[in-house]
Amino acid sequence: MPDARVSNTITGRDAFLRVLSDEGVTKMFGNPGTTELPIMHALSSAPEMGYVLALQEAIVIAMADGYARASGKLVSCNVHVAPGLGNAIGSIYTSFMSGTPMIVTAGQQEQGHGLTEPLLYAPLIPIATPVVKWATEVNRIEDLPRILRRAAKVATTAPTGPVFISLPGDILNNEAALDLGHSTRVDTAVRPSDAALEQLARRLLGAKKLVILAGHEIATSDAFAEAAALAETLGAPVLQQTVVHGAHFPSEHPAFIGSLNRDQKYVRRVLSDYDLMFCVGSDVLKMSVLSEVEPLPETTKVVMVGLRDWEMGKNFPAEIALRADVKETLKALVPLLKKLGDESLAERAKASLAEIAPRNWTAQRAARKAKLATPPAEKPLPAEWLMMRLSESLPKDAIIVDEGLTSAGSLLSYFPFRDRNSFFGNVSGGIGWGIAAAVGVQIAEPGRRVVALIGDGSAMYSIQALWTAANQKLPMTFLICNNGGYQILKNRLKAFHGNDKPIGMDFKDPPIDATVLARGFGVPAERVDSAAGFDAALAKSLANTSGPTLIEVMVKS
C-alpha cells in the first residue's frame with residue numbers, strides 16, 4: 001500500500017520554495033547566477049515568495065539581516081557559488097554575531113561536474129562553517145525537505161542564527177516523489193525554577209548597590225515593559241551593554257543612565273560604584289581594543305539571565321547564571337521581588353529613582369542640548385549638533401539604522417529608544433552593513449520612517465544598496481555624513497601611536513560625491529553643509545513618501 005505521506009512528484013526547485021513558504025519565509029533576498037537559475041525559474045510561479053534583488057552578495061545578506069531583525073521572521077538569502085559566498089561572508093559574520101534567523105543558500109555545480117573543478121567551483125561547506133550554526137550540502141533530492149526543515153529549526157532555536165545549505169544544480173532540477181515533511185519550532189520561552197528565581201531575587205535584594213546591564217535579548221524577547229518594571233521595582237540604575245546594536249531599554253525611563261562604551265578604564269571606573277551587576281540578556285562587557293586594565297572591578301559581582309549560555313562566565317565569572325528567556329523570567333521575578341521586599345522595597349526604590357533623576361539619560365540630554373541651542377554658523381557642520389537636530393526632527397516612531405561611526409558618536413545621547421525596533425546598530429564592527437540593512441528594515445516596517453545614518457567610508461562598501469531602495473520604492477532617508485575619510489582610524493592613529501599624519505585614510509583626491517552616486521542609482525539626493533540647509537533637506541525628505549531620498553551632510557573631521 002502506498003505511503004499516504006508522500007506527495008505528488010515534484011522538482012527539487014519547487015520543493016525548495018514550497019518548504020520555505022511552509023516554514024514562514026515570505027521574503028527571499030538574492031543575487032542570482034547560473035547555478036541559481038533553477039530557483040529563479042521556479043520563482044516565476046511562486047509570487048508569494050517576495051524576491052528582493054540586491055546587486056552584490058554582501059548586500060543581499062545585510063538586507064536580509066535588517067529585515068529579519070526588524071520583522072522577527074525567518075528569512076531566506078540566495079547567493080552564487082564560491083565567489084558569491086565569499087563576497088557574503090563578512091555580512092554572514094555580522095548576522096552570526098547578531099543571532100539573525102536566516103537560511104543562506106548557494107547554488108553549487110552539479111554533482112560530478114564539481115569533480116572536474118569547473119569555473120567558480122569550490123567546496124562550499126568549509127567556506128561557510130565558521131560563521132553559521134550549521135552548514136551542509138544536499139546530496140540526494142529525497143533529503144532536500146528534511147534538510148530544509150532542520151535548517152529552519154536550527155536557525156530559529158535560541159540562540160538563533162544563520163545556517164547554510166549548498167544546493168547542487170542537479171538536485172534542484174531533478175524530480176522525485178517527496179515527503180515535504182512538517183515544521184518544528186523549539187519553544188525556548190522558558191523561565192527558571194522557583195528555587196532559582198528565589199535565589200536570584202534574594203541576591204538582588206541583598207546587594208548594597210545594584211546596577212542593571214540591559215542587553216540585546218530585552219529587544220529580541222520583547223521585554224521592554226518587563227525590564228522597565230524590574231528597574232522601577234528595585235530602583236536600580238540601568239546601563240546598556242558596551243556594544244549598543246539594538247534598542248535594549250527605554251531611554252526616557254527615569255532609571256536609565258546611558259550606555260557603557262568599550263574603554264576598559266572608563267567602564268571599570270563606572271562599575272566600581274556598584275557591588276552587583278545584573279546582566280539582563282546582555283553581552284558581558286564586550287570590548288574591542290586591547291587594554292592592560294580589566295573592565296570589571298573585583299568588587300563588582302555578576303548575576304545574569306539569558307538564552308546565550310556561551311556568554312555566561314565566558315570572560316567573567318557569574319555567581320548566578322540562569323539560562324532562560326528574559327521576558328518570561330522578568331514576568332515571574334518582579335512579583336517575587338515585591339513579595340520578598342515588602343513595602344520597604346517600594347520606599348527604597350522611590351528614593352533611589354529620585355537620587356538618579358538629576359543624572360539620568362533625560363537629564364543628561366537636556367544639559368547637552370542646552371549647549372547646542374544656537375544653530376551653528378560654521379561650515380561644515382559639527383557632528384553633535386547634527387545628531388541632536390536629527391533626533392528632535394524625526395517622527396516619534398522613526399527607526400534609525402546606525403553605521404555613522406565617529407559622526408554618530410553622540411547619537412545615543414539624543415535619540416530615544418521608545419520600542420524594541422527604534423534602533424538597529426552594527427553588532428560585528430564590520431562596516432558596510434548599515435546602508436543595506438536599513439533597506440531590509442524599511443521593507444519589514446513599511447509604516448515607519450527609516451533613516452540610515454551612514455559614514456562616508458561605510459557607504460562606499462555597499463552603495464549599490466541604494467538601487468534596491470529605489471527599485472522597491474521605499475520611503476526612507478539615507479543620511480551620509482561626509483568627513484572626507486576614515487576618521488575613526490585617524491583618531492585611533494593619533495590616540496594609540498601619537499601620529500597625526502595619516503596615510504591612506506582620506507578621500508580628498510579626488511573627493512567622493514555621494515549625491516552623484518545616489519542619482520546614478522535612481523535616488524534623489526542633495527548635499528548640505530549648513531544648519532539651515534540640513535533642516536530644509538530633512539523636512540523635504542521626510543515629506544517624501546514615494547521613494548527614497550539621500551542627504552549628504554558635510555561634517556567636521
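Located above this text is the structure these notes cover.
All of these numbers come straight from a predicted model, not from anything done at the bench.

**Remarks on the overall build of the protein chain**
Inference 1: Secondary structure summary: the protein chain contains 20 helices and 20 strands in total.
Inference 2: Taking 24 Å as the expected radius of gyration for a compact globule of 557 residues, we find that the protein chain reaches 25 Å, a close match to that expectation.
Inference 3: Its C-alpha atoms give the protein chain principal-axis dimensions of roughly 75 × 65 × 45 Å.
Inference 4: Split into buried and exposed, the 557 residues of the protein chain put 56% on the buried side.
Inference 5: If you take every contact in the protein chain between residues at least 6 apart in sequence, the share linking residues at least 24 apart comes to 76%.
Inference 6: As displayed, the protein chain offers around 23200 Å² of accessible surface, 53% of which is attributable to carbon and sulfur atoms.
Inference 7: Within the protein chain, one finds 55 positive and 57 negative side-chain charges whose respective centroids are separated by 5 Å.

**What about the layout of surface pockets?**
If a probe as big as a water molecule is rolled over the atoms, it shows which places are left empty.
Inference 1: By volume, the second largest pocket amounts to about 1200 Å³.
Inference 2: Its residues assigned to classes, the lining of the second largest pocket shows 18 nonpolar, 14 polar and 14 charged.

**Digging into the pairing of strand β20 (residues 549–554)**
Inference 1: Taken across its six residues, β20 has five buried, putting it largely inside the fold.
Inference 2: Pairing between strand β18 (residues 477–482) and β20: six bridges, direction parallel. Within β20, the residue paired with phenylalanine 478 across the bridge is leucine 550.
Inference 3: Of the pairings in the sheet, the one linking strand β19 (residues 525–528) to β20 comprises four bridges and is parallel in character. Residue pairing across strands places alanine 525 opposite leucine 550, the latter belonging to β20.
Inference 4: For the crossover from β19 across helix α20 (residues 531–543) to β20, the handedness is right-handed.

**Details of the nonpolar core**
Inference 1: In this structure, Leu204, Leu230, Met277, Phe278, Leu285, Leu333 and Phe534 are the most contacted members of the largest nonpolar core, which totals 87 residues.
Inference 2: Per-element accounting of this core gives the leading share, nine residues, to helix α12 (residues 326–356).
Inference 3: Apart from residues lying up to four places away in sequence, leucine 204 is in contact with Leu210, Leu234, Leu276, Phe278, Val303, Leu333 and Leu337.
Inference 4: Of all hydrophobic cores here, the second largest spans 59 residues; its members include Leu85, Ala438, Ile443 and Ala518.

**Brief notes about the pairing of strand β3 (residues 50–53)**
Inference 1: What you see with β3 is a clean split: Gly50 and Val52 sit on the buried side and Tyr51 and Leu53 on the side with no burial.
Inference 2: The pairing of strand β2 (residues 27–30) with β3 spans four bridges and is parallel. Of the residues in β3, the one forming a bridge with phenylalanine 29 is valine 52.
Inference 3: Following the backbone out of β2, through helix α2 (residues 37–43) and into the adjacent parallel β3, one traces a crossover that is right-handed.

**Describing the sheet that holds strand β6 (residues 134–137)**
Inference 1: Spatially, the six strands line up as an open sheet ordered β3-β2-β4-β5-β7-β6, and their pairing is parallel. The open sheet has two edge strands, β3 and β6, and neither has a second partner. In this sheet, neighbouring strand axes are inclined to one another by 20 degrees on average, regardless of whether the strands run parallel or antiparallel.
Inference 2: Taken together, the six bridges between strand β4 (residues 75–80) and strand β5 (residues 102–108) define a ladder with parallel strand orientation. Paired with valine 75 across the strands is methionine 102, a residue of β5.
Inference 3: In this fold helix α3 (residues 57–71) packs onto β2, β4 and β5, with an angle of close to 180 degrees to the strand it touches most, β4.
Inference 4: Most of the contacts of helix α4 (residues 81–98) go to β4, to which it runs at about 145 degrees, and overall it touches β4, β5 and β7 (162–168).

**Some points on the packing of aromatic side chains**
Inference 1: Under the criterion given, the structure shown has six aromatic pairs.
Inference 2: Ring geometry for phenylalanine 415 against phenylalanine 417: centres 6.3 Å apart, planes inclined by 70 degrees, an arrangement best described as edge-to-face. In this pair, the class of phenylalanine 415 matches that of phenylalanine 417, namely buried.
Inference 3: Aromatic pair phenylalanine 417 and phenylalanine 423: ring centres 5.0 Å apart, planes at 25 degrees, arrangement stacked.
Inference 4: With a relative accessible area of 2%, phenylalanine 417 lands in the buried category.
Inference 5: Among the aromatic residues, ring-to-ring pairing joins Phe415, Phe417 and Phe423 into one connected group.

**Some thoughts on the pattern of salt bridges**
Close approach of charged atoms allows side chains with opposite charge to pair.
Inference 1: Taken as a whole and judged by the stated rule, the model has 31 salt bridges.
Inference 2: Its salt-bridge partner being lysine 327, residue glutamate 226 comes within 3.3 Å of it at the nearest N-O pair. Here glutamate 226, found in helix α10 (residues 224–234), pairs with lysine 327, found in helix α12; they are 101 residues apart in sequence, far enough to count as distant.
Inference 3: Residue classification places glutamate 226 among the buried positions, given a relative accessible area of 15%.
Inference 4: For glutamate 311, the salt bridge goes to lysine 314, with nearest N and O atoms at 3.2 Å.
Inference 5: With relative accessibility at 14%, the residue glutamate 311 sits in the buried group.
Inference 6: Of the residues examined, lysine 314 reaches a relative accessible area of 35% and is grouped as partly exposed.

The rules behind the values
- Residues numbered from 1 in each chain as written.
- Predicted model: local features only at pLDDT ≥ 70, side-chain atom pairs only at ≥ 80, totals over all residues.
- Heavy atoms only, no water.
- Helix = DSSP H or I, 4+ residues; strand = E, 2+ residues; numbered from the N terminus.
- Rg over C-alpha atoms; globule rule 2.2 N^0.38 Å.
- Buried < 20%, exposed > 50% of the residue type's maximum accessible area, 1.4 Å probe, protein only.
- Contact = heavy atoms within 4.5 Å.
- Areas by Shrake-Rupley, 256 points an atom, 1.4 Å probe, with all protein chains shown as cover.
- Lys, Arg positive; Asp, Glu negative; His and termini not counted.
- Charge placed at Lys NZ, Arg CZ, Asp CG, Glu CD.
- 1 Å grid on protein atoms, 1.4 Å probe; cavity = no way out; pocket = protein on both sides within 12 Å on 5 of 7 lines; lining within 4 Å.
- Points joined across faces, edges and corners; volume = space filled by probe spheres on them.
- Nonpolar A, V, L, I, M, F, W, Y, C, P; charged D, E, K, R; others polar.
- Pairing = 2+ DSSP bridges.
- Right-handed = clockwise from strand over helix to strand, strands pointing away.
- Core = buried A, V, L, I, M, F, W, Y, C linked by side-chain atoms within 4.5 Å.
- Axes fitted to C-alpha atoms, helices over the stretch in contact; angles between N-to-C directions.
- Phe/Tyr/Trp six-rings, centres within 6.5 Å; stacked < 30°, edge-to-face > 60°.
- Salt bridge = Lys/Arg side-chain N within 4 Å of Asp/Glu carboxyl O.

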